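A look at the structure
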Amino acid sequence: EEHEIEMVTCSAPVNIAVIKYWGKSCEKKNIPLNSSISLTLNQDHLKATTTVATSKGFESDKVWLNGVKQDVVNNARLQACLNEIRSWARKQAARRKADAKELLKISQKIHIASQNNFPTAAGLASSAAGYAALVFALGQLFSIEGDLTRIARRGSGSACRSMDGGFVEWIAGTDEDDSIAKQFVPEMHWPELRVFIIVVSKKKKDIGSTGGMKNSVETSSLLQYRVSDVVPHRLTAVKTAILEHDFSAFAEICMKESNQLHAVCQDTYPPLLYMNDTSKEIVKLVHKYNDFYGSTRLAYTFDAGPNAFLFTLDPFANEVATILNETFGFNSGDKFFRGLSVKANEPLP
Ligand code: PMV
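Residues numbered from 1 in each chain as written. Predicted model: local features only at pLDDT ≥ 70, side-chain atom pairs only at ≥ 80, totals over all residues. Heavy atoms only, no water.

If you check an unreviewed UniProt entry, the protein chain appears there as Diphosphomevalonate decarboxylase from Phallusia mammillata. Taken from UniProt, the Catalytic activity (unreviewed entry) comment for the protein chain reads in full: "(R)-5-diphosphomevalonate + ATP = isopentenyl diphosphate + ADP + phosphate + CO2". In its Sequence similarities (unreviewed entry) section, UniProt records this for the protein chain: "Belongs to the diphosphomevalonate decarboxylase family." (UniProt positions renumbered as here; feature names shortened; annotations may be inferred.)

Details of the pairing of strand β14 (residues 308–313)
The buried count for β14 comes to six of six residues, which makes it a mostly enclosed element. Of the two faces of β14, both are covered, the one formed by Ala308, Leu310 and Thr312 as well as the one formed by Phe309, Phe311 and Leu313. The pairing of strand β13 (residues 298–301) with β14 spans four bridges and is classified as antiparallel. Directly across from Tyr300, in β14, lies its bridge partner Leu310. Between β13 and β14, which follow one another and run antiparallel, lie six residues. (Buried < 20%, exposed > 50% of the residue type's maximum accessible area, 1.4 Å probe, protein only. Helix = DSSP H or I, 4+ residues; strand = E, 2+ residues; numbered from the N terminus. Pairing = 2+ DSSP bridges.)

Some words on the sheet that holds strand β5 (residues 36–40)
Note on sheets: strands pair through backbone hydrogen bonds, and any given pair is parallel or antiparallel. The strand order across the open sheet built from four strands is β2-β5-β10-β11, with neighbouring strands paired in antiparallel fashion. Each edge of the open sheet carries a strand with a single partner, namely β2 (15–19) and β11 (180–185). For this sheet, the mean angle separating the axes of adjacent strands, direction not counted, is 35 degrees. Where strand β10 (residues 166–171) and β11 come together, five bridges link them in antiparallel fashion. Residue pairing across strands places Ile171 opposite Ile180, the latter belonging to β11. (Axes fitted to C-alpha atoms, helices over the stretch in contact; angles between N-to-C directions.)

Topic: the pattern of salt bridges
Under the counting rule described, the total for this entry stands at 16 salt bridges. A salt bridge links Glu84 to Arg154; the nearest nitrogen and oxygen atoms lie 3.9 Å apart. You can see Glu84 sitting in helix α1 (residues 76–96) and its partner Arg154 sitting in helix α4 (residues 149–155), a full 70 residues away along the chain. Among the residues examined, Arg154 registers a relative accessible area of 9% and is labelled buried. Of the charged contacts in the structure, one is a salt bridge between Lys284 and Glu281, with a shortest N-O distance of 3.4 Å. On the criterion of helical spacing, the pair formed by Lys284 and Glu281 is a turn pair, its members being three residues apart in helix α8 (residues 277–293). Overall, the relative accessible area of 52% leaves Lys284 in the exposed class. With relative accessibility at 40%, the residue Glu281 sits in the partly exposed group. One connected set of salt bridges, linked through shared partners, spans Glu84, Arg153, Arg154 and Glu176. (Salt bridge = Lys/Arg side-chain N within 4 Å of Asp/Glu carboxyl O.)

As for empty space enclosed by the protein
For the structure on display, the rule yields one cavity of 30 Å³ or more. In this structure, the largest cavity spans a volume of roughly 50 Å³. Lining the largest cavity are 10 residues, and of these Leu39, Phe167, Pro186, Glu187 and Trp190 sit closest to its centre. For the lining of the largest cavity, the residue count by class is seven nonpolar, two polar and one charged. (1 Å grid on protein atoms, 1.4 Å probe; cavity = no way out; pocket = protein on both sides within 12 Å on 5 of 7 lines; lining within 4 Å. Points joined across faces, edges and corners; volume = space filled by probe spheres on them. Nonpolar A, V, L, I, M, F, W, Y, C, P; charged D, E, K, R; others polar.)

Points about α8
Compared with the 24 Å implied by 1.5 Å per residue over 17 residues, the 25 Å span of α8 between its first and last C-alpha is a close match. Every buried residue of α8 is listed here: Ser279, Ile282, Val283, Leu285, Val286, Tyr289 and Asn290. Projected onto a plane normal to the axis of α8, the buried residues spread over an arc of 165 degrees and lie on a single side. Residues of α8 that are exposed and angled more than 90 degrees away from the buried face: Asp277, Lys284, Lys288, Asp291 and Phe292. Residues of α8 that are buried make contact with β12 (193–199), α7 (247–267), β13, β14 and α9 (314–328). (Expected span 1.5 Å × (residues − 1). Arc of directions from axis to C-beta. Contact = heavy atoms within 4.5 Å.)

Observations regarding the site of the ligand
Neighbouring the ligand are 14 residues, the closest being Tyr21, Ser156, Ser158, Arg161 and Ser209. Here an oxygen atom of the ligand and a side-chain polar atom of Ser158 are 2.6 Å apart. Here the residues of the shell around the ligand sort into six nonpolar, five polar and three charged. (Near = heavy atom within 4 Å. Polar contact = N/O pair within 3.5 Å; in protein donor to acceptor, adjacent residues only side chain to side chain.)

Structure below.
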C-alpha cells in the first residue's frame, strides 16, 4: 500500500551570545538563571537545514543528523520538542474543529533529517540552529500558530534565540510559558557590524553545555554572583549600546561577558576548560590591536568551545581580515582554521 508523505524543509542560522546563558533554574524545562542576548547570523553561513516528513506508512519517529541515524527514544530534549509540538497541534486542531484527516496526521510518526554546513557540537551553536530549524519546520508541517520559541527552548536553550533575526533577547522568565525569545532589534539595525568566525578546532567538545551548566550551578560561587550582581547591569548597558550603535561599549561588554563565562567554567569543580591556546592567542591579539589604535575596534567572544567569534565594524573589516590571515592562516584553507566573514545585517530570506 502506498501512503502519501507530507514534507517541509526549513533552515535556521546559528546565533552568537553577547550576554551569555549559563546555568538553568529548571533542567527539565530549560529555564535559564538569567536572560541573554545574541546576534543571529544571516542564513548563508552557519546554518542547519532540516526536513520533516510525516506519513501513515511511518512506523516510528526517526532522526538523521548529517546523514547518520540518531537515537530518538533516549533523547529527552528531542522527545520534549516532539511531545510539545504534538500537544499544541492537537489543541489547535480541536479548537479549529479540524477534520479526521488532520487529526490522523497528528497521530502519525515523523521522520527528521538535519544537515549542518559547519562542524557539529564544537561550540558553534549547532544545536541552536538545529532545534530552531526543526521546531520551525514542525510548526509549518502542522500549521501551528503561536510563539514557537518556547518549544525550541526545550530542545536547546539557545535555540529559542535562533528563531528570529537581528539581536534577540531570551527573557529568562520563571516557567514554561514566560521563558521566551523576542527580537530586540531587526537585522538591519546595525549595518556596519561585521562578524568573523575562526574555527580553531572542529573537534566535538568533551563536555556538553547541559552537563557543564549543571556542574557550574552546583559548584561555582562566581556563577551565583554573576547572576545576581553582574548580568542585570550588563543587559541594560548592552541594549543601550546596541540601540545607540556604540561599538566600543558593545565590544567591552561582549569581551567581559565571554571572559566571565570562561571564568565561571574555570571556577567549576572540576573545571571546564573550553578555550585552548589558540583561543587565548586570539584574545591577546584583539587587545593588542585595540591598544595599538587606542580605541576598541575589535571584540571577541567564545561560547562553550575554543572557536572565536569576532565583532568589528565595516571600515575595519579588511584590515582585521588581513591581520587574522597573517596570524592564524585565516581563509588559507588550512585544515584547522576556517575563517568566515559575515555581514551581520543581511536580512533573513
Ligand atoms: O543552548 P545550549 O544549552 O547549548 O547552551 C549554550 C550556552 C552558551 O553558548 C555557552 C551561551 C549562550 O548563551 O549561547
